[in-house]
Amino acid sequence: MESLIKFVQDEFVTRKDLPEFSAGDTITVYYEIREGEKVRTQFFRGVVLQRRGTGSSETFTIRKMSGTIGVERIFPINLPALQKIEVNKRGKVRRARIFYFRGLTGKRARIKEARRK
């Protein structure tokens, strides 16, 4: 059954060309917001906490600080309103899910920059 679902997703779900990113990276996500008949583009810049799922059900979680309050947002990879993703910094972390990042403040909340190709 899983192979059938994977086949249908690969064949019929349109894939967007998105850059490679993982937990610890700082990215900017541009997405459309519809307000009545108006459409505008808004961005959300923050650190990727995790990527989860596979295929069309894959999602990623981003965290940013808005003043002194942490704001997290979950984006599906196949969101039609998603316009583009820019990778601002590559972070060096040892885990795939950095939930411990929520509890860090000040200098501890910095992530070292990785040297990737």
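Fair warning: this is a prediction, and the values are worked out from it, not measured in the lab.

Visitor: Would you mind showing me how to read the overall build of the chain here?
Guide: A count of helical and extended segments in the chain gives 1 helix and 5 strands. Counted from the first residue to the last, the chain has its helices and strands arranged as α-β-β-β-β-β. With respect to the three principal axes, the spread of C-alpha positions in the chain is 45 × 40 × 25 Å. Long-range contacts, defined as pairs at least 24 residues apart, comprise 53% of the intrachain contacts of the chain with a sequence gap of at least 6. Put simply, the chain shows about 8,800 Å² of open surface, and 50% of that area lies on carbon and sulfur atoms. Here the chain contributes 27 positive and 13 negative side-chain charges, whose respective centroids are spaced 12 Å apart.

Visitor: Is there a simple way to explain the nonpolar core in this structure?
Guide: As a rule of thumb, nonpolar side chains are buried together in soluble globular proteins. By size, the foremost hydrophobic cluster in this structure holds 12 residues: Phe-21, Ile-27, Val-29, Tyr-31, Phe-44, Val-48, Phe-60, Ile-62, Phe-75, Ile-77, Leu-82 and Ile-85. Listed by contribution, the elements that provide at least two residues to this core are strand E1 (26-35), strand E2 (38-52), strand E3 (59-66) and strand E5 (82-89). Ranked by residues supplied to this core, first place goes to E1 with 3 residues. For Tyr-31, the residues in contact, after removing those within four places along its chain, are Arg-40, Thr-41, Gln-42, Phe-43, Phe-44, Arg-73, Phe-75, Ala-81, Leu-82 and Gln-83.

Visitor: Looking at this model, I keep getting lost on the sheet that holds E3. Mind explaining?
Guide: Within a sheet, each strand pairs with its neighbour through backbone hydrogen bonds, oriented either parallel or antiparallel. Ordered by their spatial adjacency, 5 strands build an open sheet running E4-E3-E2-E1-E5, and the pairing between neighbours is antiparallel. The open sheet has two edge strands with one neighbour each: strand E4 (69-76) and E5. Across the sheet, the mean angle separating the axes of adjacent strands is 40 degrees when strand polarity is ignored. In terms of strand pairing, E1 meets E2 through 10 bridges, oriented antiparallel.

Visitor: Any chance you could explain the side chain of Asp-25 here in plain terms?
Guide: Relative to the assigned elements, Asp-25 resides in the loop between helix H1 (2-12) and E1. The class of Asp-25 is buried, set by a relative accessible area of 0%. Here Ser-22 takes part through its backbone nitrogen, which lies 2.9 Å from a polar atom of the side chain of Asp-25. At a separation of 3.0 Å, a polar atom in the side chain of Asp-25 contacts the main-chain amide nitrogen of Gly-91.

Visitor: Got a minute to help me understand the pattern of salt bridges in this structure?
Guide: Two side chains carrying opposite charge are able to pair once their charged atoms lie near each other. Scanning the entire structure with this criterion turns up 7 salt bridges. Here Arg-40 and Glu-35 are joined by a salt bridge, their closest N and O atoms 3.1 Å apart. We classify Glu-35 as partly exposed; its relative accessible area is 42%. A salt bridge links Glu-72 to Arg-63; the nearest nitrogen and oxygen atoms lie 3.0 Å apart. Here Glu-72 falls in the partly exposed class, since its relative accessible area comes to 32%. Judged by relative accessible area, Arg-63 falls into the buried class, the value being 14%. Ionic contacts of the salt-bridge type, sharing partners, join the residues Arg-63, Glu-72 and Arg-102 into one network.

Cut-offs and rules
Residues numbered from 1 in each chain as written. Predicted model: local features only at pLDDT ≥ 70, side-chain atom pairs only at ≥ 80, totals over all residues. Heavy atoms only, no water. Helix = DSSP H or I, 4+ residues; strand = E, 2+ residues; numbered from the N terminus. Contact = heavy atoms within 4.5 Å. Areas by Shrake-Rupley, 256 points an atom, 1.4 Å probe, with all protein chains shown as cover. Lys, Arg positive; Asp, Glu negative; His and termini not counted. Charge placed at Lys NZ, Arg CZ, Asp CG, Glu CD. Core = buried A, V, L, I, M, F, W, Y, C linked by side-chain atoms within 4.5 Å. Buried < 20%, exposed > 50% of the residue type's maximum accessible area, 1.4 Å probe, protein only. Pairing = 2+ DSSP bridges. Axes fitted to C-alpha atoms, helices over the stretch in contact; angles between N-to-C directions. Polar contact = N/O pair within 3.5 Å; in protein donor to acceptor, adjacent residues only side chain to side chain. Salt bridge = Lys/Arg side-chain N within 4 Å of Asp/Glu carboxyl O.

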